[in-house]
Amino acid sequence: MLTTFAMAQVEDGKVYRIVSAKYGTVMSESPVLHTLSCASKGTATDYHEMWMFNATDDGKFTIRNVYTQRYVQYETGKNVVWKTGNTLTGFTVTENPILKGCYNIDLTPTKNWGAHCDGSGNIVPWSYGPSEGEVSGTEWNFEEVNISDDEMAAAAAAYQDYAIVLNNAAAIAATVNELAGPLLGNFLFMIIAIILFITAPP
């Protein structure tokens, strides 16, 4: 049974929705491109917007998507959209000293270049500091999700099935690419990818 609780500071081994304090949207992963964005909160089975936090030995947290089982990766270039990957990257989760109850997500608490929800809904790196009372896209809240191990296993299995279909589509496109040329092969894969993106399971 999946339920949600009030906003909280993160704890090791718990699952959360990561909520933009400015926009009220939640951090979500594209199951096709693996990019991160801020999206409207979905249903109880929209697992791509749920994140497992696991503590590291140096006091940071890895942030793993419940659906894809991939980890949030840190990007340093300004306006570069963050993605997930297989590298276990540790992040600090630090309460903003002015905006109590709002948190910044960064590599270190002094780097001041953390996860930011921009005006287009993309997650990008952006500078931050002690706010003067105005919430920005760099401040976050955490909504705890009570989800069972069985539910998480089912979500991960559903994504694996989806990934197999996506990989098969890429293989078909590669074959067409060899037989009929790259233009048709790339076009075919693009069409399949769009269809899969639109019909992606939660």
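Above: the structure in question.
Residues numbered from 1 in each chain as written. Predicted model: local features only at pLDDT ≥ 70, side-chain atom pairs only at ≥ 80, totals over all residues. Heavy atoms only, no water.

What to know about the overall build of the protein
Then step 1. On a plain count of helices and strands, the protein comes out with 2 helices and 13 strands.
Then step 2. Taking all 202 residues of the protein together, 45% fall into the buried category.
Then step 3. Restricting the contact set of the protein to residue pairs at least 6 apart, pairs at least 24 apart contribute 58%.
Then step 4. On the protein, roughly 10000 Å² of surface is accessible, and the fraction owed to carbon and sulfur atoms is 57%. (Helix = DSSP H or I, 4+ residues; strand = E, 2+ residues; numbered from the N terminus. Buried < 20%, exposed > 50% of the residue type's maximum accessible area, 1.4 Å probe, protein only. Contact = heavy atoms within 4.5 Å. Areas by Shrake-Rupley, 256 points an atom, 1.4 Å probe, with all protein chains shown as cover.)

A word on the side chain of Ser28
Then step 1. Locating Ser28 in the fold gives a position in strand 3 (residues 26-29).
Then step 2. Residue class for Ser28 comes out buried when judged on its relative accessible area of 7%.
Then step 3. Residues within four places of Ser28 in sequence aside, it is in contact with Thr35, Leu36, Ser37, Ala39, His48, Glu49 and Trp51.

Some words on the state of the cysteines
Then step 1. All told, the structure shown has 1 disulfide when counted by the stated rule.
Then step 2. Each disulfide pairs two cysteine sulfurs, and for Cys38 the partner residue is Cys117, the sulfurs being separated by 2.4 Å. Taken together, the residues span a long stretch of sequence, with Cys38 in strand 4 (residues 36-39) and Cys117 in strand 11 (residues 113-117) at a distance of 79 residues. As far as the burial class goes, Cys38 and Cys117 line up, both buried. (Disulfide = S-S within 2.5 Å.)

Brief notes about the pairing of strand 10 (residues 103-106)
Then step 1. Covered by surrounding structure in strand 10 are Tyr103 and Ile105 together with Asn104 and Asp106, the residues of both alternating faces.
Then step 2. Pairing of strand 9 (residues 92-95) with strand 10 involves 4 bridges; the strand directions are antiparallel. If you follow Val93 over to strand 10, its bridge partner there is Ile105. (Pairing = 2+ DSSP bridges.)

Looking at unusual backbone geometry
Then step 1. You will see that His34, though not glycine, has its phi angle at about 65 degrees, which is positive.
Then step 2. Turning to its location among the elements, His34 is positioned in the loop between strand 3 and strand 4.
Then step 3. Of note in the backbone geometry, Gln69 takes a positive phi value of approximately 65 degrees without being a glycine.
Then step 4. With respect to the helices and strands, the residue Gln69 is situated in the loop between strand 6 (61-65) and strand 7 (71-72).

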